[in-house]
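Letter by letter, the chains look like this.
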Amino acid sequence: MSVRPPADAGSSRRDFMRNGFGSIALLCTVAAPDALRPRKATVTSAAIRSQAKSPFAPFQRDLPRIPELVPVSSTRTRDTYALTVREGLAEVLPGFQTPIYGYDGVYPGPIIRARKGREVVVRQTNALPFETNVHLHGGYVPAEHDGHPMDIIPAGGSFDYHYPNDQDAATLWYHDHAHGRTSKTLYYGLVSMYLLEDELEAELGLPQGEFDVPIVIADHAFNKDGSFRYAENVDIGFRGDTILVNGAVSPRMAVQRRRYRLRFLNASNARSYALRLGKGRPLLQIAGDGGLLTRPVPRARVPLHPAERTDFVIDFSQYGPGEEITLYNEDGEGGTVPIMRFDITGGRVSEEFRVPTRLRDAEPLPAPNARRTWNLALGTAAWQINGLSFDPNRIDVRPRRGSTEVWTFVNNSNRVHPMHLHGFLFRMMDRSSGPVELADKLGWKDTVGVLPNETVTVLAWFAPYAGKYVFHCHALEHADKAMMLQMEIV
Ligand SMILES: [Cu+2]
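The structure displayed is predicted, hence computed values, not measured ones.

Enquirer: Which residues make up the pattern of salt bridges, and what values do they have?
Expert: Enumeration according to the criterion identifies 37 salt bridges in this entry. Here glutamate 197 makes a salt bridge to arginine 115, at a shortest N to O gap of 3.7 Å. You can see glutamate 197 sitting in strand 9 (residues 191–197) and its partner arginine 115 sitting in strand 4 (residues 112–115), a full 82 residues away along the chain. We classify arginine 115 as partly exposed; its relative accessible area is 29%. Among the ionic pairs, glutamate 488 bridges to arginine 398, the shortest N-O distance being 3.6 Å. Taken as a pair, glutamate 488 in strand 30 (residues 484–489) and arginine 398 in the loop between strand 23 (383–385) and strand 24 (404–411) lie far apart in primary sequence, 90 residues in all. Counted as one network, the salt bridges with shared partners bring together Glu68, Arg113, Arg115, Glu197 and Glu199.

What follows is the structure, given as structure tokens:
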């Protein structure tokens with residue numbers, strides 16, 4: 001692949017934008033990993049002409065569709081996939097090649113589509129010059145396949161991850177979790193989705209195929225040569241000035257006048273979003289982190305914290321041909337406001353489908369047999385939980401397998417901490433800042449944004465596997481600096 005960014009790397013996006021958005025000040029700059037240093041290249045007028053007026057102007061590119069991975073082999077009960085974790089190049093800005101880390105060298109990585117009851121094996125080969133591992137976020141996975149931060153694949157090594165898929169349909173995702181550098185490896189591209197399907201969901205007749213669209217959102221910043229710019233901020237976490245959606249700057253998507261299922265993942269290091277659809281129409285949420293809600297919920301404004309997922313069904317037949325509907329981030333500023341735009345095309349598509357009023361039954365849970373409180377606070381040098389930093393040689397809590405526990409996260413800081421439990425799901429119980437959003441009460445979650453000075457209580461279900469897992473803040477700069485504890489399910 002040829003590389004042809006302009007030379008003279010190192011200045012920020014602000015320097016080469018003439019008519020762009022503002023750029024926020026970032027506290028300190030760290031170099032990209034060695035392997036990602038910009039390549040030498042010549043500026044050609046063709047390269048410059050091939051750019052849009054500004055490569056950062058929103059709605060210039062069509063939404064890229066994330067490729068889907070094909071099994072290397074299948075049996076009656078199992079699909080086997082193979083991925084290589086390696087460096088690659090992505091055309092994030094038109095006319096530029098952006099160095100990335102990627103699953104098979106692609107950003108975002110290829111989607112794995114799994115079926116409940118069929119095992120998936122993913123052979124991950126590490127072609128990076130440093131260790132990595134893979135965490136299936138939201139998955140019920142035996143501890144040795146969970147991607148615990150200390151279970152790593154050395155450079156040049158490989159590991160077969162076994163995923164039983166013994167849980168309900170859900171929009172899961174997978175990413176690097178080797179301890180201490182996830183803020184950089186995820187930022188540079190080691191993220192993708194894992195779509196788990198099941199019979200019950202299939203019977204609902206939800207939009208499928210090209211009308212079921214996975215969407216990965218992450219904020220980024222750029223150097224003059226088109227490479228990603230990473231500025232470490234261990235307090236608030238990284239904040240970029242540009243929104244990438246499936247690897248393109250705030251793209252547009254031509255849609256037919258019919259219903260679509262849109263699955264959103266916030267793969268940002270530390271940025272929270274508040275999604276809102278233009279023209280005042282609500283977003284009909286059908287699923288959250290852990291799969292389908294018991295019933296659909298129309299929402300005007302949908303907060304999406306790092307690592308959270310939310311699935312909507314949007315009925316574009318309510319708009320006329322030629323209309324342009326923007327999905328925007330109410331909590332953004334400048335280039336982090338527009339997320340994407342839907343461009344309505346063609347005549348109304350006749351559709352039998354209606355979103356069912358009941359989607360899934362809630363499972364009964366055992367009564368809780370423990371209550372625990374986790375204080376989220378800044379220690380002397382880093383964010384901590386109950387005054388502790390991650391120590392792989394220490395077990396911080398031992399829930400009983402199959403039990404439920406009431407966990408209360410107390411945030412006495414002025415930062416958001418998206419708290420995530422590996423291997424298990426929970427239900428929302430209480431927020432001190434106000435009522436729990438209805439949609440959050442009607443489904444499973446695996447990550448919850450604990451807002452500044454807020455106390456959040458959840459009911460966690462420690463089933464089905466025993467073993468060592470972690471729970472941690474999913475602001476990646478916080479997690480890398482050990483805002484993470486270890487639990488052993490016994
Ligand atoms: Cu945090």
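Text resumes after the structure shown.
Enquirer: So what about the coordination of the copper ion? Which residues, and what values?
Expert: Protein ligation of the copper ion involves His417 (ND1), Cys473 (SG) and His478 (ND1), the donor distances falling in the range 2.0 to 2.1 Å. Between consecutive donor residues of the copper ion, the sequence gaps follow H-x55-C-x4-H. You can see histidine 417 sitting in strand 25 (residues 417–421) and its partner cysteine 473 sitting in strand 29 (residues 467–473), a full 56 residues away along the chain. Like cysteine 473, histidine 417 is buried.

Enquirer: Residues and numbers for the sheet that holds strand 12 (residues 248–249), please.
Expert: Ordered by their spatial adjacency, seven strands build an open sheet running 12-11-10-14-19-16-17, and the pairing between neighbours is mixed. Taken across any chain shown, the strands that pair with only one partner, and hence form the sheet edges, are strand 12 and strand 17 (291–299). Two strands pair when backbone bridges link them, and strand 10 (residues 212–220) and strand 14 (residues 259–266) are joined in this way by six bridges, in the parallel orientation. Looking at the pairing, aspartate 212 lines up with arginine 261 of strand 14.

Enquirer: An account of the environment of phenylalanine 211 is requested, with residue identities and associated values reported.
Expert: Mapped onto the fold, phenylalanine 211 is located in the loop between helix 4 (199–203) and strand 10. Along the sequence, phenylalanine 211 and arginine 261 sit 50 residues apart, while their C-alpha atoms lie 6.1 Å from each other. Other than its neighbours up to four places away in sequence, phenylalanine 211 contacts Gln256, Arg258, Arg259, Tyr260 and Arg261.

Enquirer: Residue-level account of the confidence of the model for the protein chain, with values.
Expert: Looking at the protein chain, the pLDDT average stands at 91 and 89% of residues meet or exceed 70. In this model residues 1–44 is a low-confidence stretch, pLDDT under 50, and it forms 82 contacts with partners more than four residues away in sequence or in other chains.

Enquirer: Provide a residue-level description of the pairing of strand 9, including the pertinent values.
Expert: In terms of residue burial, strand 9 counts as a mostly covered element, since seven of its seven residues are buried. Residues Val191, Met193, Leu195 and Glu197 of strand 9 are buried on one face, and the alternating residues Ser192, Tyr194 and Leu196, pointing to the opposite face, are buried as well. Here four bridges tie strand 4 to strand 9, and the two strands are oriented parallel to one another. Note on strand 9: the bridge partner recorded for arginine 113 is leucine 195. Pairing between strand 8 (residues 170–175) and strand 9: six bridges, direction antiparallel. Bridge pairing in strand 9 places tryptophan 173 opposite methionine 193.

About the cut-offs
- Residue numbering note: each chain is counted from 1, following its sequence as written.
- In keeping with the predicted nature of the model, local features appear solely for residues at pLDDT of at least 70, side-chain atom pairs appear and are counted solely at 80 or more, and the whole-chain, interface and lining totals rest on all residues.
- Values reported for side chains reflect all heavy atoms of the structure, with hydrogen atoms and water molecules removed beforehand.
- Any carboxyl oxygen of Asp or Glu within 4 Å of a side-chain nitrogen of Lys or Arg constitutes a salt bridge here.
- A run of DSSP states H or I qualifies as a helix once it reaches four residues; a run of E qualifies as a strand once it reaches two. Both are numbered from the N-terminal end.
- Residue burial is assigned from relative accessible area. The probe radius is 1.4 Å, only protein chains are included, and a residue is buried under 20% of its type maximum, exposed over 50%, and partly exposed in between.
- Any N, O or S atom lying within 2.8 Å of the metal counts as a donor, and for Na, K and Ca the limit rises to 3.2 Å; water is left out, so some sites can look incomplete.
- Any two strands are treated as partners once DSSP identifies two or more bridges connecting them.
- Whether two residues are in contact is decided by their heavy atoms, any of which lying within 4.5 Å being enough.
- The pLDDT value expresses, per residue, how confident the predictor is, ranging between 0 and 100.

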